[in-house]
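A closer look at the structure
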Amino acid sequence: MRILFLGTAAAVSTPSRDNTSLLINDILIDCPGNVFGKMKKAGYNPLRLKAIIITHGHVDHIYGLPSLIEMIRLSGRKEPLKIYIGRDFVETAESSLAMYGLLHQEHGFEIKLIAVNYQQQLLFNDNEISIEAFPVKHSVPNIGLKFSSFDSKVVYTSDTEPCDELIDLFKDVNLLIHESSCSYLYSKRLEGHTCAEDAARIAQLSNAKALCLVHLGAEIDGNESRLTEELKRYYLGEILIPKDLDRVVI
Ligand SMILES: [Zn+2]
Ligand SMILES: [Zn+2]
């Protein structure tokens, strides 16, 4: 599985980190900022996208969607594109696309918005990858995602409080990509989010082979080494705190 970290910051970006979004094989997960430009910078052709998944409708996960759709259209896409999104936010996505006249364009491509329920379910399946959605605990309804290929499993939690009840679902994954909007080194836990130490504890309990932290609070930016040392008290596996545009191949 090929993972490209298009952004790694929490809701407030920093000089070096944009809001979190991921490209896993040809699936885009969340769409803040200039995702199109970042895919190009990383050498990926955005016309290859097979689907977009928006985990929830908070602005840092969705605000770049209209611009991405327009850039893809202007670049010549003709094939329909599926956008999976929690059912509570379909209207948000529709109206933000409609506001710029992007939903039904004469020389465009078909956009299929697919409402996702907040139950554990198979979202996407092709010959490379299957993607399962599962509910997490955030200030609004939200989904995490589990990616499975023939030889690897990766989980992305999206924005969530620590969910000990999901440890079974995370069991033995090759990579747990956990949100980490805070660290007890700097603050108490933010409502609806996870501190890095709890992410590390969950990674240990689920026997994840590696832990990757994203959706990083601004106080973590620049203090990655100190945090990694601290997390070794909680988790014995490999710890990654990627920079924007870093890649991992599992
Ligand atoms: Zn967020
Ligand atoms: Zn959120």
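Heads up: the structure comes first, above all this text.
Structural notes, computed from the coordinates.

The rules we used
Residues numbered from 1 in each chain as written. Chains lettered and ligands numbered in written order. Predicted model: local features only at pLDDT ≥ 70, side-chain atom pairs only at ≥ 80, totals over all residues. Pairing = 2+ DSSP bridges. Helix = DSSP H or I, 4+ residues; strand = E, 2+ residues; numbered from the N terminus. Axes fitted to C-alpha atoms, helices over the stretch in contact; angles between N-to-C directions. Buried ≥ 20, exposed ≤ 12 C-beta atoms within 10 Å, placed from the backbone. Contact = placed C-beta atoms within 7 Å. Arc of directions from axis to C-beta. Right-handed = clockwise from strand over helix to strand, strands pointing away.

With that settled, consider the sheet that holds strand E12 (residues 210–214). Strand order in this open sheet of seven strands is E7-E8-E9-E10-E11-E12-E13, and the pairing throughout is mixed. Either end of the sheet is taken by a strand with one partner, and the two such strands are strand E7 (121–125) and strand E13 (238–240). Strand-to-strand, the axes of this sheet are offset by a mean angle of 20°, without reference to chain direction. Note that E12 and E13 share three bridges and pair parallel.

It is worth spelling out the environment of Gly43 at this point. Positionally, Gly43 belongs in the loop between helix H1 (35–41) and strand E4 (51–54). A count of 9 C-beta atoms within 10 Å places Gly43 in the exposed class. Along the backbone, Gly43 and Lys146 are 103 residues apart, and their C-alpha atoms lie at a distance of 25 Å.

This brings us to the sheet that holds strand E6 (residues 111–116). Sheet architecture is open: seven strands sit in the order E6-E5-E4-E3-E2-E1-E14, paired in mixed fashion. Each of the sheet's edge strands pairs with one partner strand only, and the pair in question is E6 and strand E14 (247–249). Taken pair by pair, the neighbouring strands of this sheet meet at an average axis angle of 20°, ignoring direction. Bridge count between strand E5 (residues 81–86) and E6: six bridges; the pairing is parallel. Looking at E6, one finds that Lys82 is bridged to Lys112. On the sheet, helix H4 (residues 90–99) packs against E4, E5 and E6 and is oriented at approximately 160° with respect to E6.

Of all ten residues that make up helix H6 (residues 196–205), seven are buried, and the element is covered over most of its length. For H6, every residue scored as buried is listed here: Ala196, Glu197, Asp198, Ala199, Ala200, Ile202 and Ala203. Next to the buried residues of H6 lie helix H5 (167–170), strand E11 (175–179), E12 and helix H7 (224–231). Taken from the residues just after H6, Asn207 is the one with a positive phi, measuring 60°.

We now examine unusual backbone geometry. You will see that Ser158, though not glycine, has its phi angle at about 55°, which is positive. Since 27 C-beta atoms lie within 10 Å of it, Ser158 is described here as buried. In this structure, Leu245 takes a positive phi of about 75° despite not being glycine. Counting through the fold element by element, Leu245 comes out in the loop between E13 and E14. The exposure class assigned to Leu245 is partly exposed, which follows from the 16 C-beta atoms found within 10 Å.

What follows covers helix H3 (residues 65–74). Along H3, the positions that sit buried rather than exposed are Leu65, Leu68 and Ile69. Viewed end-on, H3 has its buried residues packed into an arc of 100°, placing them on one side of the element. Summarising the contacts, the buried residues of H3 are in contact with H1, helix H2 (59–62), H4 and E6.

With that out of the way, let us pick up the pairing of E4. In this sheet, E4 lies alongside strand E3 (residues 27–29) in parallel orientation, the contact comprising three bridges. Across the sheet, residue Ile27 finds its bridge partner in E4, namely Ala51. Read as a crossover between parallel neighbours, the route from E3 over H1 to E4 is right-handed. Alignment of E4 against E5, held across four bridges, turns out to be parallel. Residue Ile52 lies in a different strand from E5, and its bridge partner there is Ile83.

Shape is all these values report; function is a separate question.
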